[in-house]
Amino acid sequence: MAEKKHLGEMLVELGVISAQDLKVALEAQRQMPAPLGVTLVELGMAKEEQILPILCQQLNKIDVTFSLGKDTAPPSINSITDALQYLVERAIKEGATDLHLEPTASGVMVRIRIDGILHEIGAPPILATQYPAAVSRVKILCNLDIAEKRVPQDGRTTFKVGGVEYDTRISVLPSQYGESVAIRVLHTDVRLGLDKIGLDSKTYQTFLKILERHTGLVLVTGPTGSGKTTTLYACLDRLNDSTKKIVTVEDPIEYTLAGVIQMQVQPNIELSFGRLLRSVLRHDPNILMVGEIRDGETAEAAVRMALTGHLVFSTIHTNDAAATVTRLMDMGIEPYLVASSLSCVVAQRLVRTVCRECSGRRCMTCLGLGLKGRIGIFECLFIDEEMRKLITRRPTADELRKLAKEHGMRTLHEDGVAKVKAGITTQEELDRVIYSDDT
Ligand SMILES: [Zn+2]
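Throughout what follows, the structure given in this document is the object of discussion. No experiment lies behind these values; they were computed from the predicted model shown.

### Quick look at the coordination of the zinc ion
Step number 1: For the zinc ion, the full set of protein donor atoms is Cys355 (SG), Cys358 (SG), Cys363 (SG) and Cys366 (SG), and the range of their distances to it is 2.3 Å.
Step number 2: In this structure, the zinc ion is surrounded by 4 donor atoms whose angles at the metal cover 105 to 112°, and the resulting shape is tetrahedral.
Step number 3: Of note, the donors binding the zinc ion are all from one chain and are spaced C-x2-C-x4-C-x2-C.
Step number 4: Exposure remark for Cys358: the relative accessible area of 6% places this residue in the buried category.

In structure tokens form, the structure reads like this:
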């Protein structure tokens, strides 16, 4: 089959096996039908660890059973506790952000999300045979109700891997074949400095001046998973010293910041963004971060604080920078208030970066993908005098966009193209990210 040939060719390209090995293996395969990976391992031409990453890359395209025979996961795994620990460890070691356990008609599917993309991985067989026990184990770890299987539940717990404690957020959803489990790993060590998130140097310098003003509203916008939180934390990290009081209102708190007062929104006890924000004002902060502006009440509170000598950061769900300005007005904020409070809107997406190890030629480090890690592409709309005047006239997003571009704003697409030209990412990856949402 063409796919198998492709796998073989890739292994030859990567120097895992020789062209001669491949020939022999394909011949052997004809006499004893089996997946090429299995044949190669049986012939002693390659080790399973060498083949797995390549198969992993192909999983989105072809129907390969990840397990090469029975021992994808170590055979010693014969308890549910060990199986879970093994999968979480594997996810963390591969740099995944999420681990998904999903019951299917025939067993269980395990996937991990690396740089925003899902990859299927092999599960210890005990996971399929005792799946409900695995779900119960997860629930026990998070203090959830193990008897309740009909409603979604959320919780958190920690896993220890390589001597490091990792915080995880866990979601359990009832599905047609049983309960589906998603485990998000909070990697505290991947927090980036503001100079590392991907802002081009000119934009970065202008952005720093905005932060130095210590007043005004800075909004970050983009779809879920576009790196907004990383950018906000990078800003707070940059400003965080003992001379300023920083307070955050979040849902949920993703990372703990030393020296920062962080509050968690809890709708079930009526601790909404709006209510927490009213209390924050009396707490005399200099800098405030509001996880997300979802409604007019939150928008108004954020604007009011920005107008009374606070530097306010938040996120909002829009497609680009210009649309964010009009969105605030649609939420009921008067144009003159938007004009006088807003200092900057940052629209962003995340693109995967070319693997540094192999320069995109595909290697073990990037699991044969040629891409490893992610960086932001940005569109920063700075509110200068002329922009302010335009905003008070309640302009359309197009009018705002036009003026911003005249004033030198680099659009998301332009910033992406610049990063392709610089060899930081690829055109294919940029297209995937830019055209996968409705911009
Ligand atoms: Zn590589």
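### Some details on the side chain of His310
Step number 1: As for its position among the elements, His310 is in the loop between helix H11 (296-307) and strand E11 (311-316).
Step number 2: A polar contact of 3.3 Å, which involves the side chain of His310, links it to the side chain of Thr308.

### Side note on helix H12 (residues 321-330)
Step number 1: In terms of residue burial, H12 counts as a mostly covered element, since 7 of its 10 residues are buried.
Step number 2: Those residues of H12 not exposed but buried are Ala321, Ala322, Thr324, Val325, Thr326, Leu328 and Met329.
Step number 3: Just downstream of H12, Gly332 is the residue with a positive phi angle, here 100°.

### Here's the deal with the pairing of strand E2 (residues 108-114)
On any regular strand, side chains alternate: one points to one face of the sheet, the next to the other face.
Step number 1: Only one face of E2 is buried, namely the one carrying Val108, Val110, Ile112 and Ile114, since none of Met109, Arg111 and Arg113 on the opposite face is buried.
Step number 2: As paired strands, strand E1 (residues 98-103) and E2 are joined by 6 bridges and run antiparallel to one another. The residue bridging Glu102 from the neighbouring strand is Met109, located in E2.
Step number 3: Here E1 folds back onto E2, and the loop between the two strands holds 4 residues.
Step number 4: Where E2 and strand E3 (residues 117-121) come together, 5 bridges link them in antiparallel fashion. Residue pairing in the sheet places Ile114 in a bridge with Ile117 of E3.

### Considerations on the packing of helix H8 (residues 201-212) against helix H9 (residues 228-239)
Step number 1: Where H8 contacts H9, the axes come no closer than 11 Å and their chain directions differ by 60°. With respect to H9, the element H8 is oriented oblique. The hand of the H8/H9 crossing is right-handed. Contacts between H8 and H9 pair Tyr204, Phe207, Leu208 and Leu211 from the former with Cys235, Arg238 and Leu239 from the latter.

### Comments concerning empty space enclosed by the protein
Step number 1: All told, the structure shown has 2 cavities of 30 Å³ or more when counted by the stated rule.
Step number 2: As a volume, the largest cavity reaches approximately 60 Å³.
Step number 3: Residue lining of the largest cavity: Ile114, Asp115, His119, Arg352, Thr365, Cys366, Leu367, Leu369, Leu371 and Lys372, and that is the complete set.
Step number 4: In terms of lining, the second largest cavity is formed by Gly198, Leu199, Asp200, Thr203, Phe378, Glu379, Cys380, Arg410 and Asp415.
Step number 5: Among the elements that line the lining of the second largest cavity, the one with the most residues is strand E13 (residues 371-382), at 3 residues.

How each quantity is defined
Residues numbered from 1 in each chain as written. Predicted model: local features only at pLDDT ≥ 70, side-chain atom pairs only at ≥ 80, totals over all residues. Heavy atoms only, no water. Donors = N, O, S within 2.8 Å, 3.2 Å for Na, K, Ca; no water. Tetrahedral: all angles 85-135°; square planar, octahedral: opposite > 155°, others 65-115°. Buried < 20%, exposed > 50% of the residue type's maximum accessible area, 1.4 Å probe, protein only. Helix = DSSP H or I, 4+ residues; strand = E, 2+ residues; numbered from the N terminus. Polar contact = N/O pair within 3.5 Å; in protein donor to acceptor, adjacent residues only side chain to side chain. Pairing = 2+ DSSP bridges. Axes fitted to C-alpha atoms, helices over the stretch in contact; angles between N-to-C directions. Parallel < 35°, antiparallel > 145°, perpendicular 65-115°, else oblique. Left-handed = near helix turned anticlockwise from the far one by under 90°. Contact = heavy atoms within 4.5 Å. 1 Å grid on protein atoms, 1.4 Å probe; cavity = no way out; pocket = protein on both sides within 12 Å on 5 of 7 lines; lining within 4 Å. Points joined across faces, edges and corners; volume = space filled by probe spheres on them.

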